[in-house]
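Below are the chains, spelled out letter by letter.
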Amino acid sequence: MSDITNTSPQTTADIDSATLLEIADRSLLRHAGPFDGLLVERASGADIWDREGNRYLDFTSGQLCATFGHNPTELRDAILTSFDRAVHSSSLLLSEEVIRLAERLVGLLPAALSKVVMLSTGSEATEVGLKAAKMATGRWETIGVSRSYHGHTAGAAAVTFLPRRRGSGPGQPGVHAIPAPYCFRCPLGATFPECGLACLDVGMAAVDAQRTGEIAACIIEPILSTGGMIEPPDGYFSHLREHCDQRGIQLIVDEAQTGLGRTGDMFAFESTGMTPDVVALSKTLGGGFPLAAVAVTDTIAEQSECNGFRFLTSHMNEPSMALIGLAMLSLAEEHVRRGTAAKQGMRLKSALANLMEDSEMIGDVRGRGLLLGIEFVTDHTSRRPDTQAAASIASGCRRRGLLVQVVAGNVWRIAPPITVTDDEIDRAVSIIRDGLAEYEHHRAVRS
Ligand SMILES: Cc1ncc(COP(=O)(O)O)c(C=O)c1O
């Protein structure tokens, strides 16, 4: 049995990757299926290198967190500064950096969202958003959207409507799902805009029929990312807001993947013409560090506090993470001002749309800013989902040095860091073109 004899925390060149993977196999729980064979050595900007020295263009931004690239100097400086101040403190103790981050965040949000709480992960942010809404309203039923993802902890998994919610036994009672606004494959077989957003009206009518009490909250992602890069059509969010207002439901927008400029605006809800009652931020806020935040209205803050709201974990109000957050907000403000994600997103999306014109396998290109999706189909006419094409072409691209993520079986999520250059976009598109050609060639040979 191989072993790592070097006990130093530094990595060593004298242990080969196969041995490391063998050790991983016997010492790590496979929490998300088999381990990927790529062992990360280092990362910088839009690049990741493996131990063999292969360089990959990371069009996944890690786990969607490397918003402004991997290892930005600004975050390095922030973390080093925290060692001169305080890395960690009790969650019950505040520091100047935490208070400044709260003020900066509130200043970027609409006036109605006036209070924030600092957390570490997106799952926690979902828990806090739901709990605050429940405690403020005194209600406990909730609504999620089919094909959405809000995290893996119990409350978050309860409003997540993807296969990964399975396995922990029954979910929470009083949680309802409304159909995903998936226009490319409308659950009602209708077409937008003639449908008049029927999926939403049908969904809310079903909830009205099912509920046994009152609904506290409805939670939604601006783009249903993990469920297949589904961007709700124009008018969807204002109509959802109307439905919520009619029923006294608090509307929670989960900006885990969309916040801090990824879609072009600082927050994706800004382009929907409505203001949520709760905004959850995570992934993109920490830039790779565990930082999350939830913003709520004054009313939710006051009423939930008055009703005894409590939430406490070990890493709330971390001074080090607050410095990270402040650095991330400065980067985000700069990039939103310069329109980086919108501009680079347009370059990438139009190149992908050109690929779609030439390939029957690309059924749809969608998304906003630098949160884009490609849906793979067997052909444009039948639009049958092609999971094999999605997976095989992704592996082909990876062999050529491009990382993309397959979500919902036949969809790619393409989300490079906002700092991605023209050259990196062009290289990625050329790799995708080659990957498509290779797969088409093999398919023709097979048939
Ligand atoms: C929209 C959304 N919400 C919540 C989460 C959960 O965040 P975390 O993995 O940090 O708990 C994710 C993670 O993918 C997400 O995409």
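Definitions and cut-offs
- Residues numbered from 1 in each chain as written.
- Predicted model: local features only at pLDDT ≥ 70, side-chain atom pairs only at ≥ 80, totals over all residues.
- Helix = DSSP H or I, 4+ residues; strand = E, 2+ residues; numbered from the N terminus.
- Buried ≥ 20, exposed ≤ 12 C-beta atoms within 10 Å, placed from the backbone.
- Domains from an automatic or database assignment.
- Contact = placed C-beta atoms within 7 Å.
- Nonpolar A, V, L, I, M, F, W, Y, C, P; charged D, E, K, R; others polar.
- Pairing = 2+ DSSP bridges.
- Near = placed C-beta within 6 Å.
- Axes fitted to C-alpha atoms, helices over the stretch in contact; angles between N-to-C directions.
- Parallel < 35°, antiparallel > 145°, perpendicular 65-115°, else oblique.
- Expected span 1.5 Å × (residues − 1).
- Arc of directions from axis to C-beta.
- Core = buried A, V, L, I, M, F, W, Y, C linked by C-beta atoms within 7 Å.

## Quick word on unusual backbone geometry
- A cis amide bond, omega 5 degrees, links phenylalanine 192 with the succeeding residue proline 193.
- Mapped onto the secondary structure, proline 193 falls in the loop between strand S6 (175-178) and helix H7 (198-210).
- At asparagine 71, a position not held by glycine, the phi torsion is positive, near 50 degrees.
- We note that alanine 408 has phi near 50 degrees; this positive angle belongs to a residue other than glycine.
- Looking at alanine 408, the number of C-beta atoms within 10 Å reads 24, which means it is buried.

## With respect to the domain arrangement of the protein
- Here the domain parsing of the protein yields domain 1 (17-71 + 340-446) and domain 2 (85-337).
- Taking only C-alpha atoms, the centre of domain 1 and the centre of domain 2 are 27 Å apart.
- Listed by partner, the interface residues are 25 residues for domain 1 and 23 residues for domain 2.
- Those elements that place two or more of their residues in the side of domain 1 that touches domain 2 are helix H2 (61-64), helix H12 (340-358), strand S11 (362-368), strand S12 (371-376) and strand S15 (411-414).
- By residue class, the composition of the side of domain 1 that touches domain 2 is 12 nonpolar, 8 polar and 5 charged.

## Describing the pairing of S11
- Of all 7 residues making up S11, 7 are buried, and the element is well covered by its neighbours.
- Here S11 folds back onto S12 in antiparallel fashion, the turn holding 2 residues, of which glycine 369 has a positive phi close to 60 degrees.

## Let's talk about the site of the ligand
- As a structural note, the neighbourhood of the ligand is formed by 15 residues, with Thr121, Gly122, Ser123, Gly151 and Ala256 the closest of them.
- In terms of residue count, helix H5 (residues 122-137) provides more of the shell around the ligand than any other element does, 3 residues in total.
- Partitioning the shell around the ligand into residue classes produces 2 nonpolar, 10 polar and 3 charged.

## As for the packing of H5 against helix H10 (residues 298-306)
- Running from amino to carboxyl end, H5 crosses H10 at an angle of 70 degrees, the nearest separation of the two axes being 7 Å. As far as their axial angle goes, H10 and H5 are roughly perpendicular. Mapping the contact onto sequence places Ala132, Ala133, Met135 and Ala136 in H5 and Thr299, Ile300, Gln303 and Ser304 in H10.
- Looking at the contact of H5 with H10 residue by residue, the classes come out as 5 nonpolar, 3 polar and no charged.

## A look at helix H13 (residues 387-399)
- Look at H13: 19 Å from first C-alpha to last across 13 residues, which is about the 18 Å you get at 1.5 Å a residue.
- Listed as buried for H13 are Ala389, Ala390, Ile393 and Cys397. For H13, the angular spread of the buried residues around the axis is 100 degrees, confining them to a single face. Pointing more than 90 degrees away from the buried face of H13 are the exposed residues Ser395 and Arg399.
- On the buried face of H13, the contacting elements are S12, strand S13 (402-403), strand S14 (405-407), S15 and helix H14 (422-446).
- At the exit of H13 stands glycine 401, carrying a positive phi of roughly 100 degrees.

## Re the sheet that holds S13
- Here we have 4 strands laid out as an open sheet, ordered S1-S2-S3-S13, and mixed in their pairing. Lying at the two open borders of the sheet, with one neighbouring strand each, are strand S1 (40-44) and S13.
- Summarising the sheet, strand S3 (residues 55-58) and S13 pair through 2 bridges and their orientation is parallel. If you follow aspartate 58 over to S13, its bridge partner there is leucine 403.

## A look at the nonpolar core
- If you look at the biggest cluster of nonpolar residues, it comprises 123 residues, and the most contacted ones within it are Cys218, Val278, Val279, Ala293, Val294 and Ala295.
- Residue assignment places this core across two domains, with domain 1 (17-71 + 340-446) and domain 2 (85-337) each supplying three or more.
- With residues up to four places along the chain from it excluded, the contact list for valine 279 reads Leu109, Leu113, Val253, Glu255, Phe267, Phe269 and Ala295.

## Quick look at the sheet that holds S15
- Pairing is antiparallel in the open sheet, where 4 strands are placed in the order S11-S12-S15-S14. Edge positions in the open sheet fall to S11 and S14, since each of these has one partner strand only. Taken pair by pair, the neighbouring strands of this sheet meet at an average axis angle of 25 degrees, ignoring direction.
- For S11 and S12, the ladder comprises 6 bridges, and the chain directions are antiparallel. Bridge pairing in S12 links aspartate 364 to glutamate 375.

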